[in-house]
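A structural walkthrough
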Number of protein chains: 4
Amino acid sequence: MSRRVKSIPSMVKNPRLVERRRRQIVLGACRLFIEKGFHKTTTREIAKACGLSIGTMYEYIQSKEDVLYLVCEYIHDELESRLKEAVVDTDSGRESLAKAVAQHFRVMGEMSDYVLFIYQETKSLPQEAMRYVLSKEEEITGIFEKILCKGIRDGTLRLDPSAAKLMAHNIMVMGQMWTFRRWALAKQYSLEEYTRYQTAWLLHDLTTEDTGGRENG
Amino acid sequence: MSRRVKSIPSMVKNPRLVERRRRQIVLGACRLFIEKGFHKTTTREIAKACGLSIGTMYEYIQSKEDVLYLVCEYIHDELESRLKEAVVDTDSGRESLAKAVAQHFRVMGEMSDYVLFIYQETKSLPQEAMRYVLSKEEEITGIFEKILCKGIRDGTLRLDPSAAKLMAHNIMVMGQMWTFRRWALAKQYSLEEYTRYQTAWLLHDLTTEDTGGRENG
Amino acid sequence: MSRRVKSIPSMVKNPRLVERRRRQIVLGACRLFIEKGFHKTTTREIAKACGLSIGTMYEYIQSKEDVLYLVCEYIHDELESRLKEAVVDTDSGRESLAKAVAQHFRVMGEMSDYVLFIYQETKSLPQEAMRYVLSKEEEITGIFEKILCKGIRDGTLRLDPSAAKLMAHNIMVMGQMWTFRRWALAKQYSLEEYTRYQTAWLLHDLTTEDTGGRENG
Amino acid sequence: MSRRVKSIPSMVKNPRLVERRRRQIVLGACRLFIEKGFHKTTTREIAKACGLSIGTMYEYIQSKEDVLYLVCEYIHDELESRLKEAVVDTDSGRESLAKAVAQHFRVMGEMSDYVLFIYQETKSLPQEAMRYVLSKEEEITGIFEKILCKGIRDGTLRLDPSAAKLMAHNIMVMGQMWTFRRWALAKQYSLEEYTRYQTAWLLHDLTTEDTGGRENG
DNA sequence: AATGAATGAGGATTCATTCAT
DNA sequence: TATGAATGAATCCTCATTCAT
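Residues numbered from 1 in each chain as written. Chains lettered and ligands numbered in written order. Predicted model: local features only at pLDDT ≥ 70, side-chain atom pairs only at ≥ 80, totals over all residues. Heavy atoms only, no water.

For chain A, the name recorded in an unreviewed UniProt entry is TetR family transcriptional regulator, with Marinithermofilum abyssi as its organism.

Regarding the protein's contact with DNA strand F
For clarity, the cut-off: When at least one non-hydrogen atom of a residue lies within 4 Å of a molecule or strand, that residue is treated as near it. Contacts described as polar in this section are N or O atom pairs within 3.5 Å, which, within protein, must combine one atom able to donate a hydrogen with one able to accept it, while residues neighboring in sequence count only if both atoms come from side chains. The way it works is that DSSP assigns letters per residue, a run of H or I at least four long becomes a helix, a run of E at least two long becomes a strand, and they are numbered from the N terminus. Put simply, Ala, Val, Leu, Ile, Met, Phe, Trp, Tyr, Cys and Pro go in the nonpolar bin, Asp, Glu, Lys and Arg in the charged bin, and everything else, Gly too, in the polar bin.
Every one of the 37 residues lining DNA strand F counts as a neighbour, but Arg21(A), Tyr60(A), Lys13(C), Tyr60(C) and Tyr58(D) are closest to it. Each atom of DNA strand F within 4 Å of the protein was classed as base or backbone; sugar and phosphate made up 66%. Within the side chain of Arg21(A), an N or O atom sits 2.3 Å from a phosphate oxygen of DNA strand F. One of the side-chain N or O atoms of Tyr60(A) is found 2.3 Å from a phosphate oxygen in DNA strand F. Every element with two or more residues in the surface near DNA strand F is listed here: helix 1 (15–36) and helix 3 (54–60) of chain A, helix 3 (54–60) of chain B, helix 3 (54–60) of chain C together with helix 2 (43–49) and helix 3 (54–60) of chain D. Sorting elements by how many residues they give to the surface near DNA strand F places helix 3 of chain A first, with five residues. Partitioning the surface near DNA strand F into residue classes produces twelve nonpolar, 16 polar and nine charged.

So, the state of the cysteines
Where two cysteines share a covalent bond between their sulfur atoms, that bond is called a disulfide. All names here are of chain C. The following threshold applies: Cysteine sulfur atoms that come within 2.5 Å of each other are treated as a disulfide pair. Buried residues are those whose accessible area, probed at 1.4 Å on protein chains only, stays under 20% of the maximum for their type, while exposed residues exceed 50% and partly exposed ones sit between those limits.
With the rule as written, the count across this model stands at zero disulfides over all chains. Cys50 carries a free sulfur, and the closest cysteine sulfur to it, the one in Cys30, is 12 Å from it. According to the relative accessible area criterion, Cys50 is buried, its value standing at 6%.

Looking at the side chain of Asp205(A)
Here Asp205(A) is to be found in helix 9 (residues 191–207). A distance of 2.7 Å separates polar atoms of two side chains, one belonging to Asp205(A) and the other to Trp201(B).

Focus: the pattern of salt bridges
Residues and elements named next belong to chain A. Test applied: Each salt bridge in this description consists of a side-chain nitrogen of Lys or Arg and a carboxyl oxygen of Asp or Glu lying within 4 Å of one another.
A full pass over the atoms with the stated rule returns 58 salt bridges over all chains. The shortest N-O distance in the salt bridge between Glu45 and Lys36 comes to 2.6 Å. Where salt bridges share partners, they join Asp77, Glu80, Lys84 and Lys136 into one cluster.

Concerning helix 9 (residues 191–207) of chain C
We count it as follows: By this rule the span expected of a helix is its residue count minus one, scaled by 1.5 Å. Only heavy atoms matter for contacts: two residues are in contact if any of them lie within 4.5 Å across the pair.
For helix 9 of chain C, with 17 residues, the first-to-last C-alpha span of 24 Å sits near the 24 Å given by 1.5 Å per residue. Within helix 9 of chain C the residues assigned to the buried category are Tyr194(C), Thr195(C), Tyr197(C), Gln198(C), Thr199(C), Ala200(C), Trp201(C), Leu202(C), Leu203(C), His204(C), Asp205(C) and Leu206(C). Summarising the contacts, the buried residues of helix 9 of chain C are in contact with helix 5 (93–110), helix 7 (127–153) and helix 8 (164–185) of chain C together with helix 8 (164–185) and helix 9 (191–207) of chain D.

A word on the protein's contact with DNA strand E
The environment of DNA strand E is formed by 38 residues, the closest being Tyr58(A), Val12(B), Tyr60(B), Arg21(D) and Tyr60(D). Of all atoms in DNA strand E that approach within 4 Å of the protein, 65% are sugar or phosphate atoms. Thr43(A) places a polar main-chain atom, nitrogen or oxygen, 2.9 Å from a phosphate oxygen of DNA strand E. Note that a phosphate oxygen of DNA strand E is positioned 3.1 Å from one of the backbone N or O atoms of Lys13(D). It is helix 3 of chain D that contributes the most residues to the surface near DNA strand E, five residues altogether. Looking at the surface near DNA strand E residue by residue, the class counts come to 13 nonpolar, 16 polar and nine charged.

Some remarks on the relation of the copies chain B and chain A
Definition in use: The copies are overlaid by a least-squares fit using only the C-alpha atoms of residues whose pLDDT is at least 70 in both copies.
Mapping chain B onto chain A is achieved by rotating through 179° and translating by 0.1 Å along the same axis, at an RMSD of 0.1 Å. What the superposition gives is, in effect, a two-fold axis relating one chain to the other. When each C-alpha of chain B is compared by its distance to the rotation axis, Gln120(B) comes out closest, at 2.2 Å. When the interface residues of chain B are mapped onto chain A, 100% of them again fall at the interface, so both copies present the same face.

Okay, structure coming up:
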C-alpha cells in the first residue's frame, strides 16, 4: 500500500513538465522495449520514439535503466488500477473474487505483451529499482489475498487461511501464464476458453469442501 | 518427441571433441549467465570460465547466441531427463501424476536458477533457436499431458479431456512458479510447504467430481 | 602598465550590473576551478555556484573560456595589488626589495591555490586571452625588475643590469615555487622557514660583490 | 629510489608486445598532448597517432588517464636518465654539481615542451598515479640533494645542510623555469645566456661563505 | 586444433550553448 | 533582464568476431 515510489532525479524543475515528458518517454520506450527487448533498444531509438532529442531525454532521466524502471512502474500502475476497477467493497468474498479474477484475465489478455516484458526484464533493473517493482507486484497480489480472506471470513470461500497468500499468487500466475505461454496455449484455446477453464477450476476448488495441504502431508 | 535438434556448425571435424568442448562451454557459460544474465556476460568471460581461449571457443560456435542456445538446450535436457526418471509406465494415471508432480516440484526446487534463466532469456534467442527451445518446453509439458490422459482413460483422474493440455501447462507453471516468485513466496512458505499445498490443491481437484469449464460458461 | 584589458562583450547594457554579475561569476567559478580544475567544472556548476541561472550567466559572458579569462584576470589583479601594497617609492632599492620579497612570499603563501591554478590552466585560454594574461604576469614581474634597477642605481644592490630582468623572474618563481612544490617542500619546511631561507639566499647574493655570468662563461 | 611503478593492467599477455605497443602509444600521445593538451586530445586521435585501432589501443590501457600516466612516466624516466648521464661518482661535490646543473639546463632546454606539459597536466592524473609521478619528481630532485650533501661533506660546497633539500628544489625549478617562462625570458635571453647567468648565480653563492637563513631570522 | 591480438562499429552519456518565453 | 528547457555533436569505451600464426 506504500506509495513510496523510487523517485528519479531530473534536471528539469517544473514537475508538471517532468511528468509530461516522462510519460512521453515511457510510451515511446514501452513500445520499443516490447518489440525488441531492453538491451537491444538504443537510447537514440528511445529518444526518437518519444519525440525528444537525446539531450532532452537525458534531462529527465539519469540512465537507460531509469527508463526501464519508468516503464515497469507504468505497467504495474496500469495493471493495478485496472484490476482495482473491478473490485467493489460491498460484494461478498466469492462475488468479489469472481469479478476480480475475470477482470484479471481480461487485463492479462489485453496487456499480454506488457506483462511478458515485465517477466523478462525486471531482472535488468538495478537493485533498488527492482525491489520497488517486486514490492509493487506483491501489492497487486495482495488485492487477491484480501479478497480471499474476506471470503474466508464471510464464509463464501473455503480455504485454509494460511494458504490464502499462496492462492493469491496462484491466481496472479494463472492470469500471467497466458502472457508467457500463449505461444503454446493459443494453439488449442482461445483466451475465452482459457479464461473459462481456469476460472472454473479455481472457483470450483474454492467452493468445494476440504482443500489445502492435508491430504499429501 | 522430435529429436530434430537445431545443429550448430563447428569448424572442428572430430565430433567427439566437439561434444566435449561444447559441454565445457555450456557449463562455464551456464554459471555466468545465471549470475549476470546473458547480455551482461561477455564472450571473453565465457571463454575464461570454460577454460578455452576465445579463438578456440569460436571454433565450436558461430556466435554468442549459439552459446545461449546450447545452454537453453542443456537446461531443458536436464529438466526433461530428471522428470522422466519419475515416470513409470506401469503406474496408474493418478499414481503416475502424483509421482511426476512431486518430482517436478523437487527438480524445480533444485534447478530454480536455471528455470528462471530460461524464463528470462529465451527471448534473446534468434527465431529458429527459440522455436526449438519452445518446442522442447512443449515436449516436457507433453509428459504431463500424457499422464493426465492416461488417468482419464483408466478412470483414476477426473478431467475434461479437452482441458488436459491446459492442466498440463498449469502443472508445469505451478512448479516453475517457485522459481520466479520465490522472492515473495519464500517469505511465508518453505519449499516443502509450498509443494504440499500446491500438490494437494492439484490432486484434490483432479480427484473430485465435476471440473472444467461448465460452471462459469 | 598597459591597462588594455581584453574586454568581453556582454548582452547587458548597464555596465554597473555587468561588473557586479561578473564579480559573482568570478568568485563562484574561482572556487570551483581550484577545487576541480577548469575542464572538470561544468557551466551548470558555475552558474549554480554564482547564484545565476545558466541563461543569465550567458548574458554576461560568451563562452566558458571567458570565465576562465575573468578568473585569471581576477587572480592577477589580486596578486598585483597585494604586491604593490608593500612597495613604497621612498625606500632605497635594497629596502624596497626586502619588503617586496617578503610581501611576495606572504601573498604566495596565502594565495597558493590560486597561483597553482594559474600555472596549470593558463594554457587553456584562447590565444588572445592568454597573451593578455601573460602580459599581466610580465607586468608584475616588472615591479621587481624596477626595484632591482633602482637598487643598482642607488648602489644598494649589486647586480649586472642585464641580469635584472632575469633576477626579477627568479624572484617571482621563487615565490610561486611554494605553490607548485608545496607537496614536497612542506614535508621538511614550514612556509616561514622556506621564506627565510630563500630570502636570505636572494639578498645575500645581491648584497655580495661580483655576481652574474662571468665566472662560468 | 623505489622502482615501484604503478603497473597498468593490459588485456594482452605477451609482455614484450605490451611494452612495444605502449611505447607506440606514449610516443603518439606525447606529441598530441603537447600540441593540444590532454583534455583536448581525443582517444581516437591518440589511436590514429600511434598507428593502432582504437580497439587495439584499449587492449593495452584501461582509460585515457592511463595514457596520461604513461606519458608522464615516460617523460620523467627520460629526464632522470639524461640527468644521470652527467653524474659521475668520482667527481668532487662542486664539480659534480657544476656538471649536473649544466646537464639539467641542457635537458630542460631540449625537453622544454615535455616539462611544461608535466607542469600543466600532472593534476589531471588520478590520485594514485599522481602520487607516483610526484614521487618520481622528488626522486630526481634527490639527485641534486645528494650532490649538494657530498659537496658539503667534502668541503667543496658551502651550504647549511638543512637547506640542502631546498637548494635541490631551487636547482630543479631554475632549470624548469625556462620551460614555463620561456615566453618572457626568450625575449631578452638566449638559452645559453640564461644558463650562464643562472649557473653563475647558483655556484657563486654556494662557493661564497656564509649562506642560509641566518641573516633574516 | 589452438591461440590471442586486432578490429571498429556501435553504445551510453555529457555538456557548452541557444533561444523562446 | 532573467530563466531554464532544448539541442546534438562529441566523447570515452566495449565487445563480438576474425584471422594470421
